[in-house]
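Structural overview for review
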Amino acid sequence: MLDDFILWNNLKNGDEKSFSFLFEKYYKDLINYGNSLCPFSEKVQDCIQDVFADIWLYRNSLQDNVIVKAYLLSSVRKRIARLHERDHVFRKTTSTDVLEFLFDFSIENDLVEDEITAERVLYLNKLLNDLPGRQKEALYLRYHQGLSVDQIADLLDVNYQSANNLLHRGLLSLRKEWKGSIPLLILISAGVL
Amino acid sequence: MRKRNNYIEIEDFLADESFQLWILSKIDEQGWEEWTLENLERAKLVEDARLLLLAMKVPNSKLTSNDVHEALKETWQKIEQRELLSQKTFKIKKQRTQRYWISGIAAAVLAGVFSTWFFKSDVLPQDNVVTYKELVEENNEGLVEQTNNTEKSQIVTLSDGSSVLLQPNSKLSYPKIFTGNERKVYLSGEGFFEISKNPKKPFFVYANEIVTRVVGTSFRIKAFPDQQNVEVLVRTGKVRVRSNDLVRADKTEEIVLLPNQALRFTRKDFVFSKITNITEDPILVNSVRNIEQLSFEFTDIPVAQILETIEQAYVVEIDYPKDKLKECRLTTSLSDQPLAEKLKIICKSIGNDSNYEMNGNQIVITTSGCN
């Protein structure tokens, strides 16, 4: 983390190497996230490159003490949202402010060794995929991109409590099920509530 | 160690990077396994977290470090374009204020010209020599330099994919990333150039008093600071050579060279002589290097043999899974391609997610065999 602060500061002072380093460090994460919001990978690449170009060209007005990764993810999201608004090819619904999280969670098949595990994982996977897109996105950002609840709240433009709810509501129902008393069907509907 | 003894929620585990690493990649640097077994409550929580992780896989893009590098290059180009655009509008504004300055400056410059001309008129031969140092100092693109003090040739890969085989006692200065509409590099000594084609961005080699301009081709330049001549020898494509403006701005003679033609420039009397048949020139015949003699036209040739040819030509070492490529043969034409391009083509032809990484003179090819 300290590294990022230093690199960010160097970048602000016009150091090309630090810029390139941060680019190489986070490009892949950003591509992954971008792809989860937009099905056209070329456009995602473009957006991410534009985000970085902006950072370099407006480096003088960048803030200090930025959590670089959260800042980048958030910038990419905004950029894709703007594209989404502008480009009607993207628009499936009439609403423009909602970016839809496109990824479905899948199963780490290589790591599932026995029948019982397989069954439980399959079930959990179904529960997870039945969650609303925004909850899935919050889970993805928390556990795959390693953002804190604060950062997720910022990124999704909601308050801390709502971000926390997004993360917990889904997992709550799963946890109940593990206590072993509630029938399956009720749980699934509870998860969607 | 983090405070995992206080973990009470599944979320605590999921958010712990080392825990994820243990479950998903079986890397257990923090001793999770042992820690889990210490206590039954804990073991249950860990198991729940594990199942959830297993059910939460997301698609992962398969980017190679080359893809990332490529994207970085494109981004710098975008930045460059946008900078140019904003500069243009900036310049228009600036010109207005500049006018008032010009008359004053002109007078001052004129005085300066007279005094230097007067001063230097009797030491003209010295003035005719351009050094590598001067050339490099004049450039402001933030050059990096590779110096070959070894006994063997060294391969230099430029950001546009072009490669330069740098001979002993030679140096090359080049920008880390080519921006703008020209690609400029500076040579002292001898190098064999294979330039990736890009008609929109001509490639210039500055070497002593001459400038060599190409679009995409292969050629050799020999320009040592302490030698009487500068030589340019062309293998493929078309090459243009002229003198550097620093010494002869008035004389814009340009010589065009075609494959297997060469040029010798005598530094003392500033004469270009063209050599149309290089096999009849004893000096050139003796100086031919491996890379210029080897053929890169392959018809149904084992991959191992192709890689060996590349090793000889570029003086590199290539590491690859020998058993997996045992049965693989290729038919391909790799002449006139820079090293990076050659490797790319080979990997693509083998298929099956084949990839290469280049680190100095070491190349590693990863593959699961051919189609």
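Residues numbered from 1 in each chain as written. Chains lettered and ligands numbered in written order. Predicted model: local features only at pLDDT ≥ 70, side-chain atom pairs only at ≥ 80, totals over all residues.

1. Some points on the overall build of chain B
Along the backbone of chain B there are 12 helices and 18 strands. Within chain B, the fraction of its 371 residues that count as buried is 29%. Taking all contacts inside chain B whose residues are at least 6 apart in sequence as the whole, residues at least 24 apart take part in 48%. (Helix = DSSP H or I, 4+ residues; strand = E, 2+ residues; numbered from the N terminus. Buried ≥ 20, exposed ≤ 12 C-beta atoms within 10 Å, placed from the backbone. Contact = placed C-beta atoms within 7 Å.)

2. A closer look at the overall build of chain A
For chain A, the count of helices and strands is 9 helices and 0 strands. In chain A, of all internal contacts separated by at least 6 residues, the share reaching a separation of at least 24 is 59%.

3. Describing the nonpolar core
Membership of the largest hydrophobic core comes to 62 residues, with the highest contact counts inside it found for Leu30, Ile48 and Val76 of chain A together with Leu52 and Ala55 of chain B. The dominant element in this core, judged by the number of residues it contributes, is helix 2 (residues 16–37) of chain A, at 9 residues. If you look at the next biggest cluster of nonpolar residues, it comprises 54 residues, including Tyr186, Phe192, Val205 and Val303 of chain B. (Core = buried A, V, L, I, M, F, W, Y, C linked by C-beta atoms within 7 Å.)

4. A short note on the interface of chain A and chain B
Facing 36 residues of chain A, the contacting portion of chain B comprises 26 residues. The set of elements that each furnish at least two residues to the side of chain A that touches chain B consists of helix 2, helix 3 (41–57), helix 5 (115–130), helix 6 (133–143) and helix 8 (160–179) of chain A. Ranked by residue count, the leading element in the side of chain A that touches chain B is helix 2 of chain A, at 8 residues.

5. Things to note about the sheet that holds strand 17 (residues 355–359) of chain B
Residue and element names in this part refer to chain B. The strand order across the open sheet formed by 3 strands is 15-18-17, and the pairing between neighbours is mixed. Looking at strand neighbours, the two that pair on one side only are strand 15 (317–319) and strand 17, the edges of this open sheet. Averaged over all pairs of adjacent strands, the angle between strand axes in this sheet comes to 20°, irrespective of strand direction. Here strand 17 runs beside strand 18 (residues 362–366); their pairing, made up of 5 bridges, is antiparallel. In the strand pairing of strand 18, Glu357 is matched with Val364. (Pairing = 2+ DSSP bridges. Axes fitted to C-alpha atoms, helices over the stretch in contact; angles between N-to-C directions.)

6. Let's talk about helix 12 (residues 339–350) of chain B
Residues and elements named next belong to chain B. Here helix 12 spans 17 Å end to end across 12 residues, near enough to the 16 Å set by a 1.5 Å rise per residue. Within helix 12 the residues assigned to the buried category are Leu339, Ala340, Lys342, Leu343, Ile346 and Ile350. For helix 12, the angular spread of the buried residues around the axis is 160°, confining them to a single face. Within two residues after helix 12, Gly351 carries a phi angle of roughly 80°, on the positive side. (Expected span 1.5 Å × (residues − 1). Arc of directions from axis to C-beta.)

7. Considering the packing of helix 6 of chain A against helix 7 (residues 149–156) of chain A
All names here are of chain A. Across the interface, helix 6 lies against helix 7 with an axial gap of 10 Å and an inter-helix angle of 135°. With respect to their mutual orientation, helix 6 and helix 7 come out oblique. Crossing of helix 6 against helix 7: the hand is right-handed. Facing helix 6, whose interface residues are Ala138, Leu141 and Arg142, helix 7 presents Ile152, Leu155 and Leu156. Its residues assigned to classes, the contact of helix 6 with helix 7 shows 5 nonpolar, no polar and 1 charged. (Parallel < 35°, antiparallel > 145°, perpendicular 65-115°, else oblique. Left-handed = near helix turned anticlockwise from the far one by under 90°. Nonpolar A, V, L, I, M, F, W, Y, C, P; charged D, E, K, R; others polar.)

8. As for unusual backbone geometry
All names here are of chain B. Even without a glycine there, the phi angle at Asn169 is positive, about 60°. Tracing the backbone shows Asn169 in the loop between strand 3 (163–166) and strand 4 (170–175). On the neighbour-count criterion, Asn169 (14 C-beta atoms within 10 Å) is partly exposed. Phi is positive for Val315, close to 55°, though the residue is something other than glycine. Inspection of the secondary structure puts Val315 in the loop between helix 11 (303–314) and strand 15.

9. What about the confidence of the model for chain A?
Looking at chain A, pLDDT values average 82 and 81% of them are 70 or higher. Within the model, the stretch residues 180–193 of chain A combines pLDDT values under 50 with 16 contacts to residues more than four positions away or in other chains. (pLDDT = per-residue confidence, 0-100.)

10. Considering the pairing of strand 8 (residues 218–223) of chain B
All names here are of chain B. Among the 6 residues of strand 8, 6 are classified as buried, and the element is accordingly described as predominantly covered. Judged by which residues are buried, strand 8 turns out to be covered on both faces: Ser218, Arg220 and Lys222 on one side and Phe219, Ile221 and Ala223 on the other are all buried. Here strand 8 pairs with strand 9 (residues 229–236) via 5 bridges, running antiparallel. In the sheet register, Arg220 faces strand 9, and the bridge partner there is Leu233.

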